[in-house]
Structure formats: C-alpha cells, structure tokens
Amino acid sequence: MNILYIKYALGRVLHDLVFCSQADSWMVRLALLLITALLAGWIILGMQSAIAWVFASLVLAVLLLLAQSSLRQIRKDFEEDIEQQVLVIGVGDTKGLITAVPAHIRGQRVSYELPHPTRSLKHLMSVEQKINEALHYQSSAGVKVIYAGQAPLPIAFLMGFYLGNTRIDAIMDKTASHGSWQLLDALDDGARFETHGLEQLKPGMREVTIILHCDGAGSGTSINDEPAWSLSQYPNGNIVVSMMLAGSTQASLSASKQICLANQFAAVLHALADHGVATVHLHYMAP
C-alpha cells in the first residue's frame, strides 16, 4: 500500500471539493448534494418510491464515472509531481534559481547547488555521479536535469562540457534584459563549430592547444579576420586546433544549440585522447 499516494489522493480530493472551480468538481458537488437529498427524502418519506431508486442509481453512476476519471487524473499527477524528479544543478551564485523553475517542468525539485565551485572542485566533478544515482532509482523519463551557472568562466565551461556530455534537459540563465532566471528556449539556428587542425595530429603527441572563438565575442575580431593567436606564440611546437563559431551570440540562447556545441567539444577531446594527447591548453574568446 502506497501511503504517500493515499495521502496525496485524499488531499487532492478534498482540495477539488472545497476549492477547485473546474466543471468536474462542480459536477461531483452536485452529485453529492443530490445523494444527500435522496437519503434525507428516504428517511423522511420512506424508501418505497421506484422513481427515487432509479434517480438515485443514475446519480450514483454519474458519480462513479466522475470518480474514476478523477482518480485516473490524480494518479497521473502524482507520477508527474511526486514520483518524477527535477534535478536542479546550480553552480556559483544561483540565488532564487529553485523557485524560478517554470511550473510546466513537473516533478519533485531536488536542488544540488554549489555556491563556491572554485573551493569545492571535487564536489563539482561529482555532478555526473548525482545524475547517475537519480537515474538508478528512476527511469530516464522520470528524471529531468536543469543546469544554471553564474560562475567563473573556466568553471562554467567545464560544467558545460561535463553535463553536455552526460545529460541536460533544460538550461536557465540570467539574461541582461530580464535580470532574473529564464529558460534558454530560443530556436536553434543550426550554426556549429568549424574545426581545423585535427588532421595534423600524430600518435604520441602529448600537448595540444585549442583555440575556441565565437563571432561577436566582443574582441573586435571576426573569425574571418586574421586569427587572434598564431603558431609563433607556441615555441614548444604545440599543434593548434581551432574551433570557430560564426553568428550572433543571441543565437546562443538556445539550450539545444548549447548542448550540441558542448558535444562537439567533447568529440574533439575524445579525438585528442585517441591520439595520446595528455594536456590541452584552451584559449577561449566567447560569451
């Protein structure tokens, strides 16, 4: 017997009968009122009237149908609101994040916030474990992962890589125009990194430099201009892999696009690892 479900169902029934203004709730109230009136009539006038019995049967049938429909909806709501989990991962200053998660993302909120990520890198790296633990007790559809970060750039970039390579269902951010937490739900414009330099890799190389540059990053340069860094800056002879992204930075307000970009970066790192690269120097010029 699921005590938690019984308590939830009783609470919902009482709420629907007392506070809810939907049509189904008014029908249930009317049916209960009619049954009460019939019982009172039977007690006062006797229970011999066939019409009263027929009418009572119809009222009872309607009440049972409404109850069946209501219980089915209550069970569905219980699964979405209580049994499902919304794992809210906040890195850095994420004050007000948990309450800003939109109501249409249904499930029991589980907050995993790291206000001082630079002091607790070990906990930061355990985020993937937290997600896997939640998935161990729930089906994949029963867990949603929301990520938000207001952290130093290397930390935010690292989390984007780890979560993009693991599981993100939604991203929230504080945009300059709103000043509050918002879902990144803009459309994906399809722009992706153009990667060059992987063809220079040879087995046994230990160090590689990655230059990651997004157009509109505020640097005064464009990816069509002379590169911001040159091979002459790397006297140790590092191979340079460039990852360039064209387009307006406003297009980055798409969660699906950010996830795809993180997966692209992960694929480059896997390619480097396959060639034996042990150290990656990252130069980042982007939002």
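Residues numbered from 1 in each chain as written. Predicted model: local features only at pLDDT ≥ 70, side-chain atom pairs only at ≥ 80, totals over all residues. Heavy atoms only, no water.

Participant: Got a minute to help me understand the sheet that holds strand β7 (residues 207-214) in this structure?
Facilitator: Think of a sheet as strands paired side by side through backbone hydrogen bonds, with each pair either parallel or antiparallel. What the four strands build is an open sheet, ordered β6-β8-β7-β9; its pairing is mixed. The open sheet terminates on both sides in strands that have one partner only, identified here as β6 (194-196) and β9 (279-285). Strand-to-strand twist across the sheet, computed as the mean angle between neighbouring axes with direction ignored, equals 15°. Note: β7 against β9, seven bridges, orientation parallel. Counted as the bridge partner of I210 is L282 from β9. (Pairing = 2+ DSSP bridges. Helix = DSSP H or I, 4+ residues; strand = E, 2+ residues; numbered from the N terminus. Axes fitted to C-alpha atoms, helices over the stretch in contact; angles between N-to-C directions.)

Participant: Looking at this model, I keep getting lost on the pattern of salt bridges. Mind explaining?
Facilitator: Once the charged atoms of two side chains with opposite charge are near each other, the side chains can pair. Under the counting rule described, the total for this entry stands at two salt bridges. The partner of D188 in a salt bridge is R192, and the shortest N-O contact between them spans 2.7 Å. R192 gets classed as partly exposed once you look at its relative accessible area, which sits at 28%. A salt bridge links K257 to D189, with the nearest nitrogen and oxygen atoms 3.0 Å apart. In this pair, K257 sits in helix α8 (residues 255-274) while D189 sits in the loop between β5 (181-183) and β6, placing the two residues 68 residues apart along the sequence. Given the relative accessible area of 43%, D189 is considered partly exposed. (Salt bridge = Lys/Arg side-chain N within 4 Å of Asp/Glu carboxyl O. Buried < 20%, exposed > 50% of the residue type's maximum accessible area, 1.4 Å probe, protein only.)

Participant: Which parts of the structure should I look at to understand the nonpolar core?
Facilitator: In summary, soluble globular proteins display a tendency toward joint burial of nonpolar side chains. Membership of the largest hydrophobic core comes to 21 residues, with the highest contact counts inside it found for F193, V208, I210, M243, F265 and L272. Counting residues per element, the ones that place at least two in this core are β7, β8 (239-245) and α8. Among the elements that take part in this core, α8 stands out by supplying six residues, more than any other. Listed in part, the 20 residues of the second largest apolar core include I89, V91, Y147 and M159. (Core = buried A, V, L, I, M, F, W, Y, C linked by side-chain atoms within 4.5 Å.)

Participant: Would you explain the side chain of Q84 in this entry?
Facilitator: Along the chain, Q84 falls in the loop between α3 (50-83) and β1 (85-92). When its relative accessible area of 19% is taken as the criterion, Q84 is described as buried. A polar contact is formed between the side chain of Q84 and the side chain of K144, at a distance of 2.8 Å. (Polar contact = N/O pair within 3.5 Å; in protein donor to acceptor, adjacent residues only side chain to side chain.)

Participant: Quick question: what am I supposed to make of the pairing of strand β4 (residues 170-174) here?
Facilitator: Looking at chain direction, strand β3 (residues 143-150) and β4 are connected through three bridges and run parallel. Pairing of I146 across the sheet is with A170, part of β4. Bridge count for β4 against β5 is three bridges, and the pairing is antiparallel. Directly across from M172, in β5, lies its bridge partner L183.

Participant: How do you make sense of the environment of H123 when you look at a structure like this?
Facilitator: The residue H123 is located in helix α5 (residues 121-125) in this model. Excluding residues that lie within four positions of it along the chain, H123 makes contacts with Y112 and L114. (Contact = heavy atoms within 4.5 Å.)

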